[in-house]
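# Examination of the molecular architecture
Here's the letter readout for the chains.
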Amino acid sequence: MADKTRQPPADTRRQVPSATVLLGDPRLGEALARLGRPLVKAAVATAQQAVREGRIGPGDAVHAALAALPARAVGLSPVHNATGVVLHTNLGRAPLSRAALEAMAAVGGYTDVELDLGTGRRAPRGRGAMAALREAVPAAEDVHVVNNGAAALALAAVTLAPGRDILLSRGEFVEIGDGFRIPELLASCGARIHEVGTTNRTRLSDYADAVGPDTGFILKVHPSNFTVSGFTQGVDAGELASLGLPVVVDIGSGLLTPDPVLPDEPDAATALRAGAALVTASGDKLLGGPQAGLVLGRATVVERMRRHPLARALRVDKFTLAALEATLRGPEPPVHAAVHMPLRQLRVRTLGLAEDVARHGLDAHAVPCEAVVGGGGAPGTVLPSCALSLPADLATPLRTGEPAVLGRVVRGRLLLDLRCVPQACDGEILAAVLRAAGL
Ligand SMILES: *Cc1c(COP(=O)(O)O)cnc(C)c1O
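Residues numbered from 1 in each chain as written. Predicted model: local features only at pLDDT ≥ 70, side-chain atom pairs only at ≥ 80, totals over all residues. Heavy atoms only, no water.

## Let's talk about the overall build of the protein chain
So the rule is basically this: Numbered from the N terminus, helices here are DSSP runs of H or I no shorter than four residues, and strands are runs of E no shorter than two. Relative accessibility thresholds used throughout: buried, under 20% of the residue-type maximum; exposed, over 50%; partly exposed, between the two (1.4 Å probe, protein chains only). Contacts are assigned to residue pairs with any non-hydrogen atoms lying within 4.5 Å of each other. For accessible areas, the Shrake-Rupley method is used with a probe of radius 1.4 Å. Any residue's cover is judged against the shown protein chains and nothing else.
Along the backbone of the protein chain there are 19 helices and 17 strands. Projected onto its principal axes, the C-alpha coordinates of the protein chain cover approximately 100 × 55 × 40 Å. Residues classed as buried in the protein chain amount to 46% of the 439 residues present. Counting contacts in the protein chain only where the partners sit at least 6 residues apart, residues at least 24 apart contribute 72% of the total. As displayed, the protein chain has an accessible area near 21,500 Å², and 55% of this comes from carbon and sulfur atoms.

Structural data, given as structure tokens:
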């Protein structure tokens, strides 16, 4: 009788189904169409290796290949943001509204981005998005959109201050994150930064003393990720405009009009009405849209920027234009909903989820906590919030699960704040928690 437990290696190898046979299996046909050949081949190779090592039988190779397939043809995964940080830079900042996502999908093929279908002639690129932005901020004579907030500032510097001075208060020398410093960005554009005032106090006279024949413009940068408190003084855009030079205000977060929930956050309309020549902002912060740099201001200034050769290098694609227009014209973006979510509603959801989890014998309850805007917006503003409190050892399995659920660990407990999780996904969160706990 042959000893079945000790098969010679050559026989095992012969039993490994070939890639051609496996790729030809109809069960992998759908995956080939959806993911493409290289990714399916990699999954097939994983399955072949499992057969070769005797971990599975040859008959299970197709199943193993299906199990080894990636969910998408991209390494990025959707994540549930239960951190209580609304704009989380590591999580891609603003989640888009469904209207914005649909708009992006709609223009994915050929689209009339630079064509007037009525006349059959060339038309201005992004005219719909620009019109929506102009309507949202009537105080802006003209608008333009570039790749991101940093690009908007860079374009302002190369257009308005090449080889010239930009006056900037010492209290507004801001590092945004990941080593990105606004003064260094401006200097890299060929402008000179003229430091004005001190860290805590800068007066109008400091700016007035610094103005010279080489001054290109006066810049105000919103300290969007820190606060200076105590013996402080600053100068607002209106006062600066009285000096007769263009005032550029980098408001950062992209609030177009004042928001009573965020009283200290500067907005584009107010800065322009006060006399700013130009306002720059990000599209994917408090506006809740796609990554973009919004440029709003005086028609002559915006037109000069649009005509600058560098503008072409900072141009946005059709997806950005579509998502931005849908964000401006469509339903409330998720970021706005998260910032304005009534605490009572959040508490009811969290209590319900805590009950559902506890019913399975897990140590879970709803606790009060604090959420923040994050991502360069409303520093120091706390949003009273509510979280599902769980044993901290669930953090890793939840983070590495599918879908990934990210919370934060505070004093030995994992807190899941549902503020930024769509309510329709509460069931998914429950399932993920139970899976993470091995239930
Ligand atoms: C976020 C921010 C920027 C950079 O904007 P990006 O869109 O990230 O390039 C610049 N200035 C301020 C004040 C900001 O808050």
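The structure having been displayed, the exposition proceeds.
## Digging into the sheet that holds strand 16 (residues 408-410)
To be explicit about the condition: At least two bridges found by DSSP between two strands is the condition for calling them paired. What counts as an axis is a line fitted to C-alpha atoms, over the stretch in contact for a helix, and the angles between N-to-C directions run from 0 to 180 degrees.
One open sheet holds the 4 strands; their spatial order is 13-14-17-16, and the pairing between them is antiparallel. The open sheet has two free edges, formed respectively by strand 13 (365-372) and strand 16, since each of these has just one partner strand. Pairwise comparison of adjacent strand axes, ignoring direction, gives a mean angle of 45° for this sheet. Taken together, the 8 bridges between strand 13 and strand 14 (residues 382-391) define a ladder with antiparallel strand orientation. In the strand pairing of strand 14, Val372 is matched with Val382. Taken strand by strand, helix 17 (residues 343-358) contacts strand 13, strand 14 and strand 17 (413-417), and its axis lies near 0° from that of strand 14.

## Digging into the nonpolar core
Note the following rule: Working definition of a nonpolar core: buried Ala, Val, Leu, Ile, Met, Phe, Trp, Tyr and Cys residues. They are joined through side-chain atoms within 4.5 Å.
With 36 residues, the main nonpolar core has Leu133, Val145, Val249, Leu256, Val279, Leu294 and Leu296 as its most contacted residues. Setting aside its immediate chain neighbours within four residues, Leu133 contacts Val143, Val145, Leu256, Leu294, Leu296 and Leu328. With 30 residues, the next largest nonpolar core counts Leu160, Ile182, Phe217 and Val301 among its residues.

## A closer look at the domain arrangement of the protein chain
Stated formally: A domain assignment, automatic or from a database, supplies the domain bounds used here.
Partitioning the protein chain into structural domains gives domain 1 (16-68), domain 2 (79-90 + 336-436) and domain 3 (96-331). With centres defined by C-alpha atoms, the gap from domain 1 to domain 2 works out at 38 Å.

## Section: the environment of Thr300
Considering the arrangement of structural elements, one finds Thr300 in helix 13 (residues 299-307). For Thr300 and Asp142, which are 158 residues apart along the polypeptide, the C-alpha to C-alpha distance reads 8.4 Å.

## Structural notes on unusual backbone geometry
Cis geometry marks the peptide bond from Glu402 to Pro403; its omega dihedral reads 0°. Within the secondary structure, Pro403 sits in the loop between helix 18 (395-400) and strand 15 (404-406). The phi dihedral of Arg93 falls on the positive side, at around 55°, and the residue is not glycine. Its location among the elements puts Arg93 in the loop between strand 1 (79-81) and helix 6 (98-106). Positive phi, normally seen in glycine, also occurs at Arg411, with a value near 45°. Classification of Arg411 by relative accessible area gives exposed; the value is 81%.

## Observations regarding the UniProt feature "modified residue: N6-(pyridoxal phosphate)lysine" (unreviewed entry) in the protein chain
Definition in use: UniProt positions are given in the numbering used here, feature names are shortened, and annotations may be inferred rather than shown by experiment.
Feature annotation in UniProt assigns "modified residue: N6-(pyridoxal phosphate)lysine" (unreviewed entry) to the following positions: Lys285. Tracing the backbone through its elements, the reader meets Lys285 in the loop between strand 11 (278-282) and strand 12 (293-297). For Lys285, a relative accessible area of 4% puts it in the buried group.

## Section: the pairing of strand 17
Counting buried positions along strand 17 gives 5 out of 5 residues, so the element sits mostly inside the fold. Burial along strand 17 is two-sided: Arg413, Leu415 and Asp417 and Leu414 and Leu416, pointing in opposite directions, are all buried. Direction of pairing for strand 14 relative to strand 17: antiparallel, over a ladder of 5 bridges. Across the sheet, residue Leu388 finds its bridge partner in strand 17, namely Leu416. Inspection of the sheet shows strand 16 paired to strand 17 by 3 bridges, in the antiparallel sense.

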